Structures are given as C-alpha cells and as structure tokens.
Amino acid sequence: MTKVPSDYRIDPADGLPARVVREWARRKHHYLERYTGIFASGMKKKFPQRAYLDLFAGPGRCFERETGEIYDGSPLIGLHRNFTDHIYVELEDKAAAALETRCSPYTPGRRVTVIQGDCNAKIDEVIAHLPRSGITFAFIDPTNWQISFDTIQKLTAARRVDLLVSFFGPSMKRVADLDRPRLDAFFGTKAWQTDPRFLGPDRLPTLSGLLACYREQLARIGYLNQVSAREIPVKNSKNVPMYLLAFFSKHPLGYTFWDRITTEDEKGQIALTW
Ligand SMILES: C[S@@+](CC[C@H](N)C(=O)[O-])C[C@H]1O[C@@H](n2cnc3c(N)ncnc32)[C@H](O)[C@@H]1O
C-alpha cells in the first residue's frame, strides 16, 4: 500500500507530535463523537463488551493549520466514550509511539492496544484483540483507499462490526491508470470500472455509483444493502468535496443511530431530511 507521509507539530501540553490537519477535519470528528456516543451508551445493556477499532489512528492529537488549535483526534475521542476495548493501528512509528503514550492514562480501566504497522498486514493481530462476544464499531479513516476489501472481509466475518468509512469517492473518479489495481483491491472487484450501473454517460464512475458498488460488495459479506439517510460530504475551504463519511451496518439499529446523530451538523444546523 502506498504511504502518504504525514506532517506533525509538537503539542506543548505533552511534548508529543500532533498531526497537522485542515479545518474541515472538525466535521468528521463531530460525527465520530456523536456516533461513538450513541453507540457506546445505546449498546451497553445488550453488549457488556463494546470495542472501538480505529485502523488509521494517527497520533491521537490534531494541530489545526488555520488556527494553531490542538485538539483530540479519533482515538482519544473513542477513549472518552463508554467502550471496554480499544484497538488502534497506525503505520507511522512516531505517531504510533505518541498514541501509546497518550493512551496510557486510560489503561487502568480499559483494555487499550496500539499496533504499529499496516492495518492490512496486521488484521489477524487486530482480530485477536477484539472481544469474542461483543460488538465493535470501526472507524476507517485513511488518506485515500489504503484498506483492501479482503481486510474488511476478514475483520467482519461472523462478527457484528459497524463501519464508518472516510470514502474518497471524489478523488477515485480522478485516478490514473496506475492506481486502478489499488482501487480494485479497495472494492474487492473491478466492477466499479466496468459495471454500467456505476458509470455515468461519460462511461466514468459516478460518486453514487462508487458508493453503490462498495455497498453491494459489503452486502455480499452480510451488511444490509441499505442507504443511510445521509452520507456526510466533507468539503475543503473552496467547497470542494474531499470525501464522504459513509456508514454501514449489519443491523437496522446501526442505521437508526446513524440517521439520528446526523440530523445535526458541526455548526448546530439541523438537516432538512430525516
Ligand atoms: C487521516 S489520518 C487519521 C487521522 C485520525 N483518524 C484522526 O481522526 O485523528 C490517516 C492515518 O493513517 C495512517 N496510515 C496510512 N496508511 C496506513 C495503513 N495502511 N495502516 C495503518 N495506518 C495507516 C497515516 O500514517 C495517518 O496517521
């Protein structure tokens, strides 16, 4: 898998690296906070063991380039929620080491595992840390499409795992020929390039076609072929969509939760459709 190097600044609070992000990253963290909140508390009665899995975890803190503000990244957001198990994977050594240190204050009450490496290569190790009888929420937050469908298949086989995916559909539409095999691996099929249902009149894949292809692939491995009330576009400062937050579950309750928490955006605005 291609490595996209990250940029870091030191967080003066702990002397560890924080990942440089743009202001629009707040949007994904808003929806992540809301979903982890409703999931961890809503599932507590039925599932004594609730795991939060973050396959592209980063160092745990974000440095916002526009404002210089430093705030919690996805793995620490998860640690503020009522999960019993946390499994974090991060490719870059210094980010994984920083994350491990940042997690240590939380370890007395919970099981927290930080794995350094490529999440595709480490997936068996990840699975070994998931609670045997329990439920998992997985945040899949790559910088493009560094997770293969094989990995998703292994992770979710005979297990209930809700997935929130940063889906880089807008950039998938622009990939060069050389990157197509990596996208084939992401989708687990070449159909995204060839099936007329996923293509526009110009014979190129459409954003809705790409999502439908991924949803169909997930339906083959036990997910509901259900369209959530909304996929959340994350746009840059020029209003260009960078990626969508797309939700997938094997259970209708997952969609009920997702549809409920996405009614309010990070600015407190209420969505018009239910
Ligand atoms: C978008 S950032 C994650 C940010 C984090 N989820 C957050 O919200 O705070 C993507 C991270 O994935 C890491 N990464 C890239 N490829 C990876 C792979 N194959 N396996 C695990 N981590 C990877 C990068 O080093 C980077 O830290």
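Residues numbered from 1 in each chain as written. Predicted model: local features only at pLDDT ≥ 70, side-chain atom pairs only at ≥ 80, totals over all residues.

**Looking at the overall build of the chain**
- Counting its regular elements, the chain contains ten helices and eleven strands.
- For 274 residues, the compact-globule formula gives about 19 Å, and the C-alpha radius of gyration of the chain, at 18 Å, lands near that figure.
- Dimensions of the chain along its principal axes, counting C-alpha atoms only, are 55 × 40 × 40 Å.
- Counting the 274 residues in the chain, one finds 38% classified as buried.
- In the chain, once contacts between residues fewer than 6 apart in sequence are set aside, the share between residues at least 24 apart is 72%. (Helix = DSSP H or I, 4+ residues; strand = E, 2+ residues; numbered from the N terminus. Rg over C-alpha atoms; globule rule 2.2 N^0.38 Å. Buried ≥ 20, exposed ≤ 12 C-beta atoms within 10 Å, placed from the backbone. Contact = placed C-beta atoms within 7 Å.)

**A few points about the environment of Glu216**
- Structurally, Glu216 can be placed in helix α9 (residues 207-220).
- Counting along the chain gives 25 residues from Glu216 to Pro241, while the straight-line C-alpha distance between them is 23 Å.

**As for the sheet that holds strand β7 (residues 111-116)**
- Sheet architecture is open: seven strands sit in the order β7-β6-β3-β8-β9-β11-β10, paired in mixed fashion. Two strands in the sheet have a free side with no partner beyond their single neighbour: β7 and β10 (232-235). Each strand of the sheet is rotated relative to its neighbour by a mean of 15 degrees, with strand direction disregarded.
- Note that strand β3 (residues 50-54) and strand β6 (residues 85-90) share four bridges and pair parallel. Bridging from a neighbouring strand, Tyr52 pairs with His86 of β6.
- Packed onto the sheet, helix α3 (residues 93-103) meets β6 and β7 and runs at close to 170 degrees relative to β7. (Pairing = 2+ DSSP bridges. Axes fitted to C-alpha atoms, helices over the stretch in contact; angles between N-to-C directions.)

**What to know about the site of the ligand**
- Taken together, 20 residues form the shell around the ligand, and within it Phe56, Gly58, Gly73, Ser74 and Leu91 come nearest.
- Broken down by class, the residue content of the shell around the ligand amounts to nine nonpolar, seven polar and four charged. (Near = placed C-beta within 6 Å. Nonpolar A, V, L, I, M, F, W, Y, C, P; charged D, E, K, R; others polar.)

**Describing the packing of helix α1 (residues 25-42) against helix α10 (residues 252-261)**
- Contact geometry of α1 with α10 gives a least axis separation of 10 Å together with a crossing angle of 140 degrees. Taken together, α1 and α10 sit at an angle that is classed as oblique. Between α1 and α10 the crossing geometry is right-handed. Mapping the contact onto sequence places Tyr31, Arg34, Tyr35, Ile38, Phe39 and Gly42 in α1 and Phe257, Trp258, Arg260 and Ile261 in α10. (Parallel < 35°, antiparallel > 145°, perpendicular 65-115°, else oblique. Left-handed = near helix turned anticlockwise from the far one by under 90°.)

**Details of unusual backbone geometry**
- Despite not being glycine, Ala158 shows a phi value in the positive range, around 55 degrees.
- Mapped onto the elements, Ala158 comes out in the loop between α5 (149-156) and β9 (161-167).
- Given 5 C-beta atoms within 10 Å, Ala158 falls into the exposed group.
- Positive phi, normally seen in glycine, also occurs at Arg203, with a value near 70 degrees.

**Some points on α9**
- If you check α9, its first and last C-alpha atoms are 20 Å apart, about what 14 residues at 1.5 Å a residue would give, namely 20 Å.
- Turning to α9, its buried residues are Gly209, Leu210, Leu211, Cys213, Tyr214 and Leu218.
- Next to the buried residues of α9 lie β9, α6 (169-172), α7 (180-187), α8 (191-194) and β11 (241-248).
- One or two steps after α9, the chain reaches Gly222, where phi turns positive at roughly 105 degrees. (Expected span 1.5 Å × (residues − 1).)

**Focus on the sheet that holds strand β4 (residues 61-64)**
- Read across the sheet, four strands follow the order β1-β2-β4-β5 without closing on themselves; strand pairing throughout is mixed. Pairing within the sheet leaves two strands with one partner each, and these edge strands are β1 (8-11) and β5 (70-72). Neighbouring strand axes in the sheet, compared pairwise and without regard to direction, differ in orientation by 45 degrees on average.
- The sheet contacts of α3 involve β2 (16-21) and β4, and relative to β2 the element is tilted by about 115 degrees.

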